[in-house]
Amino acid sequence: MLQVIRADGDFDPKVEPDLSHEDLLKMHRYMLTVRRLNEKGMSLQRQGRIGFFMESTGQEACQIGMSYTLTPIDWAFPSYRDPGTCLVRGVPLSALFDQMMGNSADEAKGRQMPVHWGFSKWKIVSLSSPIAAKLPHAVGVAYAAKFRGEKSVVLASLGEGATSQGEFHAAMNFAGVYKTPVVFFCENNQYAISLPTRRQTASESIAIKAEAYGFEGVQIDGNDILAVYKATKSAVDKARSGGGPSLIEAITYRIGGHSTSDDASVYRSAEEVELWKRRDPITRFTAYLMKKGIISDQENKKFIEQIDAEMSAVVKEREKIPPPAASTLFTDVYSEMPWHLREEAEEFMRDEGENGPQGEAYEKEPGSF
Ligand SMILES: Cc1ncc(C[n+]2csc(CCOP(=O)(O)OP(=O)(O)O)c2C)c(N)n1
C-alpha cells in the first residue's frame with residue numbers, strides 16, 4: 001500500500017511528490033475548508049436550514065489529493081462525499097451552498113438532492129443518486145475525448161459499495177477494452193451505509209478487480225494526501241498519454257454517519273471510530289507541514305479562523321437568496337412544452353400559484369409558460 005507520510009507526520013523523501021510549498025499550503029487549506037464545510041452542513045441540517053446532508057469528514061485527503069492532479073480540460077465525476085473536488089476545480093463556496101440550499105442561484109435550480117454536485121462551467125458532471133450509475137457515463141465521456149483526439153482525462157470517484165453494482169462491471173470492462181482515458185478512484189471508507197467492506201466482496205481487495213479487466217489497480221493510504229496525489233497523478237498522466245484506465249483503491253474511513261438520516265452507532269463501535277480519528281488525514285498533513293517548516297502552529301490557527309469567518313459570511317449571504325420560481329417546475333424537460341404539461345402548469349397557476357408559498361415568484365415569470 002503506497003504511503004508517503006507516516007501517521008506521525010514523518011515522511012520518506014524518496015517518494016515525496018514534486019509539489020511546491022505553495023501547492024502544499026493550498027492543499028492544506030482545501031482540506032481545512034472541507035472539514036469546516038462538513039461541520040457547517042451538519043449543523044445547518046440539524047437546524048432545519050437545509051433538507052439533507054452527507055458528511056465526508058475523514059475523507060479530505062482523498063477528495064483534495066485526487067482532484068489536485070486535474071487540469072481545466074479534464075472532467076470530474078465526484079461522489080456526494082467530494083465537495084473538495086468542486087473546490088479544487090474552482091467552484092466558489094457560495095455555489096456549493098446554493099446547491100445545498102437549492103435556491104434560485106443554484107445551477108440545477110434546486111432539483112438535485114443536496115450534496116449531489118454538478119457544475120457545468122467546471123466540468124463537474126451532476127451525479128446520479130443510483131450508486132455507480134455515473135460510471136458508464138464517465139467512461140463515455142472519456143471515450144468521446146479519445147475519439148475526438150482531445151487530451152482530456154476523466155476522474156470518476158466511487159465508494160466501495162458501488163463496486164457491487166452491474167454498472168461498475170460495464171464501465172470497467174468498456175474502459176479496459178477501449179483503453180479510455182479514465183481514472184476510477186474508489187474511496188474505500190469501510191462502509192456502504194451499514195454494510196462493512198468484508199461483506200461487500202469476497203475479493204482480496206477492490207484494487208485487484210482491475211486485473212480482470214486488463215488494467216492496473218493499486219491500493220494506497222487514503223488518509224495520506226501525498227500518497228493520494230502521487231498515485232492519481234501517475235494514473236492521470238498515463239491516461240493522458242494514451243496508456244488507458246487505472247483503478248485506485250484508497251483506504252480511508254467515514255468518521256460520520258452515512259447521511260443525516262443515519263445513526264452509525266447501531267452498526268459499528270465507538271472504539272473503531274476513535275481508532276480512525278487518531279488516523280486523521282488533516283492532523284497527519286499538518287504534522288508533515290510543520291516538520292518541513294512550511295507552516296507554524298500560529299499560522300495554522302489563523303488559517304482555520306479565516307476559513308470559519310469566510311464560511312459564516314457565505315452562509316449568511318446565500319440564505320438571503322429566494323427559492324427557484326415555482327414556474328421552473330415545468331421547464332427544461334421539453335424544448336417545447338407539450339399540451340398536457342401546459343394544462344398542468346395552467347392548473348397549478350390557478351390553484352396554487354397565486355396562493356402557494358411561492359406564488360409571487362411564480363407570477364413574476366408568466367412568460368416562461
Ligand atoms: C442502486 C442503488 N442502491 C442503493 C442505494 C442506496 N444507497 C445510497 S448510498 C449507498 C451506499 C453506497 O456506499 P459506497 O458506494 O461505499 O459509498 P459511500 O456512501 O460509502 O461513500 C446506498 C446503498 C442507491 N442510492 N442506489
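Residues numbered from 1 in each chain as written. Predicted model: local features only at pLDDT ≥ 70, side-chain atom pairs only at ≥ 80, totals over all residues.

## Overview of the overall build of the chain
No. 1: A count of helical and extended segments in the chain gives 13 helices and seven strands.
No. 2: Over its C-alpha atoms the chain spans a radius of gyration of 22 Å, differing by no more than 12% from the 21 Å that the globule rule assigns to 369 residues.
No. 3: The 369 residues of the chain split such that 43% are buried. (Helix = DSSP H or I, 4+ residues; strand = E, 2+ residues; numbered from the N terminus. Rg over C-alpha atoms; globule rule 2.2 N^0.38 Å. Buried ≥ 20, exposed ≤ 12 C-beta atoms within 10 Å, placed from the backbone.)

## Here we look at the environment of Phe 147
No. 1: Along the chain, Phe 147 turns up in helix H5 (residues 134–147).
No. 2: Along the sequence, Phe 147 and Met 290 sit 143 residues apart, while their C-alpha atoms lie 46 Å from each other.

## Quick look at the pairing of strand E2 (residues 154–159)
No. 1: Along E2, six of the six residues are buried, which leaves the element largely enclosed by surrounding structure.
No. 2: Where burial is concerned, the two faces of E2 agree: the one with Val 154, Ala 156 and Leu 158 and the one with Leu 155, Ser 157 and Gly 159 are both buried.
No. 3: Note that strand E1 (residues 75–77) and E2 share three bridges and pair parallel. Bridge pairing links Trp 75 to Val 154 in E2.
No. 4: Sheet analysis places E2 next to strand E3 (residues 182–188), joined by six bridges and oriented parallel. By the bridge assignment for E3, Val 154 is matched with Val 182.
No. 5: One crossover worth recording links E2 to the parallel E3 by way of helix H6 (residues 166–178), and it is right-handed. (Pairing = 2+ DSSP bridges. Right-handed = clockwise from strand over helix to strand, strands pointing away.)

## Points about the domain arrangement of the chain
No. 1: Each assigned domain of the chain is listed here: domain 1 (21–318) and domain 2 (326–368).
No. 2: Once you take the C-alpha centre of each, domain 1 and domain 2 turn out to be 37 Å apart. (Domains from an automatic or database assignment.)

## Observations concerning unusual backbone geometry
No. 1: One non-glycine residue, Ala 132, lies in the positive phi region at around 75°.
No. 2: With respect to the helices and strands, Ala 132 occurs in the loop between helix H4 (93–101) and H5.

## Quick look at the environment of Glu 150
No. 1: Topologically, Glu 150 is positioned in the loop between H5 and E2.
No. 2: On the neighbour-count criterion, Glu 150 (11 C-beta atoms within 10 Å) is exposed.
No. 3: The spatial distance from the C-alpha of Glu 150 to the C-alpha of Pro 324 is 37 Å, given a sequence separation of 174 residues.

## Things to note about the confidence of the model for the chain
As a note on interpretation, predicted positions should not be read in detail where pLDDT is low.
No. 1: Chain-level pLDDT for the chain is 94 on average; 95% of the residues reach the 70-or-more range.
No. 2: Across residues 354–369 the pLDDT falls below 50, and counting only partners more than four positions away or on other chains, this stretch makes 24 contacts in the model. (pLDDT = per-residue confidence, 0-100. Contact = placed C-beta atoms within 7 Å.)

## Examining the packing of helix H2 (residues 60–67) against helix H8 (residues 225–240)
The angle between the axes and the distance between the axes are what describe a pair of packed helices.
No. 1: Close contact between H2 and H8 brings their axes to 8 Å; oriented N to C, the two are set at 35°. In the crossing of H2 with H8, the sense of the turn from one axis to the other is right-handed. Here Ala 61, Cys 62, Ile 64, Gly 65 and Met 66 of H2 come into contact with H8, specifically with Ile 225, Val 228, Tyr 229 and Thr 232.
No. 2: Residue classes in the contact of H2 with H8 are distributed as seven nonpolar, two polar and no charged. (Axes fitted to C-alpha atoms, helices over the stretch in contact; angles between N-to-C directions. Left-handed = near helix turned anticlockwise from the far one by under 90°. Nonpolar A, V, L, I, M, F, W, Y, C, P; charged D, E, K, R; others polar.)

## Looking at the sheet that holds strand E7 (residues 246–251)
No. 1: One open sheet accounts for five strands, arranged E1-E2-E3-E7-E6; its pairing is parallel. The open sheet is flanked by E1 and strand E6 (216–221), the only strands paired with a single partner. Averaged over all neighbouring strand pairs, the angle between strand axes comes to 20°, with direction disregarded.
No. 2: Taken together, the six bridges between E6 and E7 define a ladder with parallel strand orientation. Looking at the pairing, Glu 216 lines up with Ser 246 of E7.

## Concerning the site of the ligand
No. 1: Close to the ligand lie 16 residues, the nearest being Ile 131, Gly 159, Gly 161, Ala 162 and Ala 192.
No. 2: Here the residues of the shell around the ligand sort into six nonpolar, seven polar and three charged. (Near = placed C-beta within 6 Å.)

## So, the environment of Val 153
No. 1: Mapping Val 153 onto the fold places it in the loop between H5 and E2.
No. 2: According to the C-beta neighbour criterion, Val 153 is buried, with 27 such atoms within 10 Å.
No. 3: Excluding its chain neighbours within four sequence positions, the residues that come into contact with Val 153 are Asp 74, Pro 181, Val 183, Val 236, Ala 239 and Arg 240.

## Thoughts on the pairing of E3
No. 1: Among the seven residues that make up E3, seven are buried, leaving the element largely enclosed by the rest of the structure.
No. 2: Burial along E3 is two-sided: the residues Val 182, Phe 184, Cys 186 and Asn 188 and Val 183, Phe 185 and Glu 187 are all buried.
No. 3: In this structure, E3 lies alongside E7, joined through six bridges in parallel fashion. Opposite Phe 185, over in E7, you have Ile 248 as the bridge partner.

## A word on H2
No. 1: Most of H2 is tucked away, with eight of its eight residues classed as buried.
No. 2: For H2, every residue scored as buried is listed here: Glu 60, Ala 61, Cys 62, Gln 63, Ile 64, Gly 65, Met 66 and Ser 67.

## Remarks on the packing of helix H1 (residues 21–46) against helix H10 (residues 281–291)
No. 1: Where H1 meets H10, the axes come as close as 11 Å, and the angle between the chain directions of the two elements is 155°. Taken together, the axes of H1 and H10 lie roughly antiparallel to each other. Of the two elements, H1 crosses H10, and the hand of that crossing is left-handed. In contact with Leu 24, His 28, Met 31, Leu 32 and Arg 35 of H1, H10 contributes Pro 281, Ile 282, Phe 285 and Leu 289.
No. 2: Class assignment for the residues of the contact of H1 with H10 results in seven nonpolar, one polar and one charged. (Parallel < 35°, antiparallel > 145°, perpendicular 65-115°, else oblique.)

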